[in-house]
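# Working through the structure, step by step
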Amino acid sequence: MPRSDANAISLRTVRAVLDAAASFEMTVAGQHVHVEVERLPAPTWPRPNMMALDAQADGPWPTPVRVRCTWPGGATTLRVMASFWRGGPHDGQVTLRVAIDATDRELVSITLYPMFHEVPDGGTALIWASTALFPRKEAAPDGQLAALAEHLRARVASEGLVGPTPARVMLGEASVPGPVLHPDAATVFRRLTTVTLIKVPYLLRGGIPGIDGAPPFDVPLGAPLAPPPPPDPSTRKGAFWPLPGGVRGYKTTLDALLADLAEEPLTDAELRDWFRERFNLEGTTAVNGYRAVPVRLGFSARVDGRVVLTAAGRAYVDGGNDPTVLFDHIHRSLTGILDILVLAEVAGAATRSGTQAMLNHLLSTSWESSNQSEFRRNWLLSVGATDRTPGGDVLTPLGRALVERHATDAAALRPRVIAFLAAAGSPEPGDDDADDPVEPLIVPEAAPSAPTDAWLSGRPVLRPSMVHPHLGTLQVPDRLLEQACAALTAGKHLLLVGPPGTGKTELAIALANAAATEGYCAPPLLSTASADWTSFDTIGGYMLTQSRELRFRPGVFLAALEEQRWLLVDELNRADVDRSFGELMTVLSGKPSRTPFTLEDGRAVSIGAPGAGHSHVVPGSFRVLATMNTWDKTSLFRLSFAVQRRFAVLHLGVPDDAAYASILADAATRVHYDDPVLGIASLHALQDLFRSDRLLSCRPVGPAVPLDMIRYLRRRGPGADALVEAVALFLLPQLEGLPEEPAAEVLRMLRVGIAASASDEARAELVERYRELFPMFALDRA
């Protein structure tokens, strides 16, 4: 259980360290350093009711100290103080902060709350400081940050400072709830000062003020790092995995994962949770593939049951996640990656089919699926080495620089690529979109921090070829996809209507992710409507904060604008649309709207076009996508004409019988974790039931429902009883509300088809579940 007093313990710990601060002598890098401590005036309590802290019970606020460090030829003055987070999820959490006294440039900041919040009484918490090197690319030549980070860690280790990982230095331990510091508070202060002084030359390099005279030791600032030696062919692999987050987001996801591993090693279970929580992933096969990526690149390893960051991973993180470094690691561990850049250089573009054919030829592989070639193309797109065009992937300036960086390998590849192109001939126009899509369905949450040019510049231009990579296994008729893209490009918002399970939400996400991939917006903001929705949920309103202050909280519409996302509203018909979206109808028609709310800075919350001074700008690239089921035939007409005019309404129907049967057959045999394929008898029973002249004539049900049944059956095992179980679990809830005659007809179908070979017990259970769903007529148990 998290401790309610963790922040109070944090504050007492900081007070103990500051109260124990005293002058001392030390040696850093062979330099004698005199440390003089001066106590500053006692501060006032910073703000009332700060995250479970009370001025009367937990005060006074710790007294800061000024620390003058002097060595032969130079000096620096630090200020060590208690501070706290302002805003965000850590609002009010106490920190121990060290900064340059004159400029207030932060050098070390230790948030203690996470160190205490799950430690039981009688336990101890490790107090540590980070040795991470804050990247300042303008202060070091390209490629030097990774080397500087390694140099910093080596310097810290050479001074005898140790910690749980190379990126952390142990300052001491604190007993809970004491806290009593071990070895003692004065030692913790001395270690904190030592760590800070070692970091000073790295963080204040390049003429940044804070050091008087010369630094205590020199920091290496040499020529850019040379590329690594040529890869050993015996260690390179052919198979590789993508990462969730969209085709341009592989690197972003990798960087986020490595940043968290730099903070703390993760168990296998915690790593699975990491992917599931951020990307709504289920199952183990995909997650196992994803977590293998940083291992393959040499950035992480499994040690004593935990996934830890390797030295190469730490260097990459501390070096600012340099894409050149990432490419070098991909090239060293993976076949065929530089080959694609050379293909784009020689041919002008690397198409989907052309890349797969070339890699099959050069690598002597026989890939029938385009997965592996597409994963490679997408990694290069994510790194920024290529850009995607209708004619294929073309080199960016970084891509050309990478070819030159690996000139020896590229020179050996170039004649082989030219010979392949000469033998293969020119690809047919448009063949880049001929293969099946391979990108998994993902709803990433990352958003840019500043408006992009595409977000502000005007309408998005979408084509089906841009959407295909985001459809996953969803099958959408070409004509329908063309209509959706045309409507969005024409400036309309989009309402997708149809029976449940037809892929409305998946298609909406794919369209929004395609727009994000093309740079028009960040990945979509997904929200599910409810009957309780009002304008508070869409526009926003005032909320009471922990400090008992009223502040404006944006609703989903304004949150999407703030984060530069398209807004996706699932199950729109659940809400009273005129009540929850009424005020936004003016905005969706292109006109401004002013609300009665104000922001913290005093500005009124107003919504309108760019350039008019509104607090929330609606650019021409913004779209609202919504879904609505058609079980209730009057649902669409309960939307006011004002709402309907703002949307293009696109209907997704149930596939025809041949397409439906094909979808089920594919799901029955497709690789799905380690589950066995579905038995032919069960597959035929489902294909016979889900036909236009059988179940679908009584209640249109999309393929998502039988697909859930197939996944269940592949895990549950074969047998007629299992098939009956799947019907009760997944199909019966979709039949609610059927009139008496169709309900009786569906039961007859189930008895003579699905349940014909089931046990008496299973058939009786099915009838009982049906009786609960349709009590309006008597049903026997035969």
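The following refers to the structure shown. (Residues numbered from 1 in each chain as written. Predicted model: local features only at pLDDT ≥ 70, side-chain atom pairs only at ≥ 80, totals over all residues. Heavy atoms only, no water.)

## What to know about helix α27 (residues 680–689)
For clarity, the cut-off: To sort residues, take the accessible area from a 1.4 Å probe on protein chains only and compare it with the maximum for the residue type: under 20% means buried, over 50% means exposed, and anything in between is partly exposed. For the purposes of this entry, the term helix denotes a DSSP run of H or I that reaches at least four residues, the term strand denotes a run of E that reaches at least two, and both are numbered from the N terminus. The reported arc concerns the directions from the helix axis to the C-beta atoms and nothing else. Residue contacts are defined here by distance: any two heavy atoms, one from each residue, within 4.5 Å place the two residues in contact.
When α27 is considered as a whole, its buried residues turn out to be Ser 682, Leu 683, Leu 686, Gln 687 and Leu 689. The arc that holds the buried residues of α27, viewed along the axis, is 165 degrees, so those residues lie on one side. Opposite the buried face of α27, by more than 90 degrees, sit the exposed residues Ile 680 and Ala 681. Among the structural elements, α26 (657–669), α28 (695–698), α29 (704–716), α30 (720–731) and α31 (740–752) are those in contact with the buried residues of α27.

## Some remarks on the pairing of strand β6 (residues 106–111)
Under the convention used in this document: A pair of strands is considered paired only if DSSP assigns at least 2 bridges between the two.
Taken together, the 5 bridges between strand β5 (residues 94–100) and β6 define a ladder with antiparallel strand orientation. Bridge pairing in β6 places Leu 96 opposite Ile 110. What sits between β5 and β6 in their antiparallel hairpin is a turn of 5 residues, with Asp 104 showing a positive phi close to 65 degrees.

## Concerning the pattern of salt bridges
Applied cut-off: Here, a salt bridge means any Lys or Arg side-chain nitrogen found within 4 Å of an Asp or Glu carboxyl oxygen.
One pass over the full model with this rule turns up 28 salt bridges. Several salt bridges converge on common partners, so that one network encompasses Glu 38, Arg 66, Arg 79, Arg 97, Asp 101, Asp 104 and Glu 106.

## Concerning the layout of surface pockets
What counts is decided by this rule: Site definitions follow a grid-based scheme: protein atoms alone, a 1 Å grid, a 1.4 Å probe that fits but cannot get out for cavities, and for pockets an open set with protein on both sides within 12 Å along at least five of seven lines, plus lining residues having an atom within 4 Å of a point. Grid points are joined across faces, edges and corners, and a volume is the space filled by probe spheres set on the points. Polarity classes work like this: nonpolar for Ala, Val, Leu, Ile, Met, Phe, Trp, Tyr, Cys and Pro, charged for Asp, Glu, Lys and Arg, and polar for all others, with Gly in that last group.
Computed from the structure, the second largest pocket encloses a volume of approximately 1400 Å³. Along the wall of the second largest pocket there are 43 residues; nearest its centre are Thr 111, Pro 114, Trp 128, Arg 168 and Glu 263. Mapped onto the lining of the second largest pocket, the elements with two or more residues apiece are β4 (74–84), β5, β6, α3 (113–116), β7 (124–130), α6 (250–263) and α9 (311–318). Among the elements that take part in the lining of the second largest pocket, β6 stands out by supplying 6 residues, more than any other. Here the residues of the lining of the second largest pocket are counted per class, giving 24 nonpolar, 8 polar and 11 charged.

## Some remarks on the nonpolar core
It is characteristic of soluble globular proteins that their nonpolar side chains tend to be buried jointly. The condition that has to hold: Residues enter a nonpolar core if they are buried and are Ala, Val, Leu, Ile, Met, Phe, Trp, Tyr or Cys, with the set joined through side-chain atoms within 4.5 Å.
Within the largest apolar cluster, 66 residues are counted, with the highest numbers of intra-cluster contacts made by Val 67, Val 80, Ile 110, Phe 116, Leu 171 and Phe 189. For this core, the element with the most residues is helix α5 (residues 185–203), which contributes 10 residues. One finds Leu 266, Tyr 316, Val 342 and Phe 420 within the second-largest nonpolar core, a separate group that totals 47 residues.

## Topic: unusual backbone geometry
Residue Pro 179 is bonded to the preceding Gly 178 through a cis peptide linkage, with omega at -10 degrees. The step from His 182 to Pro 183 runs through a cis peptide bond, and the omega angle for that step is 0 degrees. Within the element layout of this structure, Pro 183 appears in the loop between β9 (181–182) and α5. A positive phi angle, close to 55 degrees, is found at Ala 29, a residue other than glycine. Relative to the helices and strands, Ala 29 is located in the loop between β1 (24–28) and β2 (31–39). You can call Ala 29 partly exposed: its relative accessible area is 29%. The backbone of Asn 321 shows a phi angle near 55 degrees, a positive value even though the residue is not glycine. Within the secondary structure, Asn 321 is located in the loop between α9 and α10 (323–333).

## Describing helix α13 (residues 371–383)
Here is the rule: Take the number of residues in a helix, subtract one, and multiply by 1.5 Å to get its expected span.
Here α13 is 13 residues long and its end C-alpha atoms lie 18 Å apart, about the 18 Å a rise of 1.5 Å per residue gives. Burial runs high along α13: 12 of the 13 residues are buried. Along α13, the residues classified as buried are Gln 372, Ser 373, Glu 374, Phe 375, Arg 376, Arg 377, Asn 378, Trp 379, Leu 380, Leu 381, Ser 382 and Val 383. Of the residues trailing α13, Gly 384 is marked for its positive phi of about 100 degrees.

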